[in-house]
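For reference, the chains in residue letters:
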Amino acid sequence: MKLGIVGLPNVGKSTLFNSLTKAGAESANYPFCTIDPNVGIVAVPDERLKLLGDMYQSKKVTPAVIEFVDIAGLVKGASKGEGLGNQFLSNIREVDAIVHVVRCFEDANVVHVDGSVNPLRDIETINLELIFSDLEVLERRIAKVAKTARMDKTCAGELSLLERLKEHLESGRPAKTLEPEGEEEQALMREFNLLTGKPVIYAANVAEEDLADDGASNSMAAKVREFAAGENSEAFVICAQIEQEIAELEDEERAMFLEDLGIAQSGLEKLIKASYRILGLMSFLTAGEDETRAWTIRIGTKAPQAAGKIHSDFERGFIKAEVVNYKDLLEQGSLAAAREKGLVGMEGKDYIVKDGDVILFRFNV
């Protein structure tokens, strides 16, 4: 999974990226301190892995990972190249979802590019730049497809969709709110890879004192949540500065620090849960002496395709999947004991994998 972090300059974007990845991207109180996209790989926290790894005494425990791409602060006119915007926008094209950091705190020492803090205005600024960038992509494609549309039915269908999309974007609406007509149009929409077609997670960056009640008393964060709900996006509250402090702590210290602040989850945990929800993802597990590992798949994935995440040979030669819920496995203490209690199922090609399944695949190639 690859997430692109966007936002106006000085909203806490790179501070958040640093805390999530501990990658040390430069963070300074001026625009464009992040000239090249910073990329960081983050392990997905999963207590199930540690418990299973301990049980099997695994030589290696491998979590699922998320790749974060930190894009330099966008400004008005980014789609036209303002603030090197085009270069940055192209870096978001390949991500699975966009994390849009929105400033929801007042601080006279941190300048705002527009002179005042207004989260909805900031969201609109970024969203319009993404729309303008998509319109450029569509206009180039329309010019290309229009030449052959008269002679080719397939091209004519694509041109019709392109023109509908263009009109939709010109009205200020993102591509994801246009309903495609049939599977062919769905496939084309994916192929266009439009920025405004991607799922969005809004991170409302608040002051430390607003964290304990999860931003409930922060009217700016409330507006961000309301906006996100209106477009079926995810939203969560974070304090980038606190996340940076948390990132420096060991696991036990981190738990105590969160408890002292009255916070149930770190921002990273909130973000990962939001990203799994919005992308319709979950994890299954494999466990043994050599390695215990989490694998990320789409909800609704069948056993052979889940096996293919491990190796294409597993999918090609799939025979059966030996499946047990991780809680049952931990309670019984071994796969053999779980089998004796009838808690292990032998599943075929139509089995839909569930979150937390521990699976041993049988295959033959």
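Cut-off values and rules
- Residues numbered from 1 in each chain as written.
- Predicted model: local features only at pLDDT ≥ 70, side-chain atom pairs only at ≥ 80, totals over all residues.
- Heavy atoms only, no water.
- Helix = DSSP H or I, 4+ residues; strand = E, 2+ residues; numbered from the N terminus.
- Buried < 20%, exposed > 50% of the residue type's maximum accessible area, 1.4 Å probe, protein only.
- Contact = heavy atoms within 4.5 Å.
- Polar contact = N/O pair within 3.5 Å; in protein donor to acceptor, adjacent residues only side chain to side chain.
- Pairing = 2+ DSSP bridges.
- Axes fitted to C-alpha atoms, helices over the stretch in contact; angles between N-to-C directions.
- Left-handed = near helix turned anticlockwise from the far one by under 90°.
- Nonpolar A, V, L, I, M, F, W, Y, C, P; charged D, E, K, R; others polar.
- Expected span 1.5 Å × (residues − 1).
- Phe/Tyr/Trp six-rings, centres within 6.5 Å; stacked < 30°, edge-to-face > 60°.
- Lys NZ or Arg CZ within 6 Å of the ring centre and 35° of its normal.

Residue position: Tyr 351 is located in the loop between strand E11 (345-347) and strand E12 (357-363). Looking at Tyr 351, the relative accessible area reads 13%, which means it is buried. C-alpha of Tyr 351 to C-alpha of Lys 320: the two residues are 31 residues apart in sequence and 9.5 Å apart in space. Those residues in contact with Tyr 351 that sit more than four places away from it in its chain are Thr 301, Lys 302, Ala 303, Val 323 and Asp 357. Reaching out from Tyr 351, the side chain makes a polar contact with the side chain of Asp 357 at a distance of 2.7 Å.

Let us look at the pairing of strand E4 (residues 65-70). Across four bridges, the pairing between strand E1 (residues 2-6) and E4 is parallel. Note on E4: the bridge partner recorded for Gly 4 is Val 69. The pairing of strand E2 (residues 38-43) with E4 spans six bridges and is antiparallel. Along E4, the bridge assignment pairs Val 39 with Val 69.

Here we come to the packing of helix H5 (residues 153-170) against helix H6 (residues 182-192). It is the contact of H5 with H6, at a shortest axis distance of 11 Å, that shows an interaxial angle of 65 degrees. Along this stretch, H5 crosses H6, giving a crossing that reads as right-handed. Residues Glu 158, Leu 161, Leu 162, Arg 164 and Leu 165 of H5 form the contact with H6, whose participating residues are Glu 185, Leu 188, Met 189 and Phe 192. Looking at the contact of H5 with H6, its residues break down into six nonpolar, no polar and three charged.

Moving on, we get to H5. Helix length check: H5 (18 residues) gives 26 Å between terminal C-alpha atoms against 26 Å at 1.5 Å per residue, within 8%. What H5 keeps buried is the set Cys 155, Glu 158, Leu 159, Leu 161, Leu 162, Leu 165, His 168 and Leu 169. Looking one or two residues beyond H5, the residue adopting positive phi is Gly 172, at roughly 90 degrees.

Further remarks concern the packing of aromatic side chains. Counted according to the given criterion, the structure contains five aromatic pairs. By way of ring pairs, the aromatic residues Phe 284, Trp 295, Phe 318 and Phe 361 are connected into one cluster. The positively charged end of Arg 103 is found above the aromatic ring belonging to Phe 105, 4.5 Å away from the centroid. Against the face of Trp 295 rests Arg 293, its NZ or CZ located 4.0 Å from the ring centre.

At Gln 57, a residue that is not glycine, the phi angle is positive and equals roughly 55 degrees. Structurally, Gln 57 is set in the loop between helix H2 (47-56) and strand E3 (60-62). The exposed category is assigned to Gln 57, whose relative accessible area is 68%. At Asn 232, a residue that is not glycine, the phi angle is positive and equals roughly 55 degrees. Relative accessible area serves as the criterion here: at 70%, Asn 232 is assigned to the exposed category.

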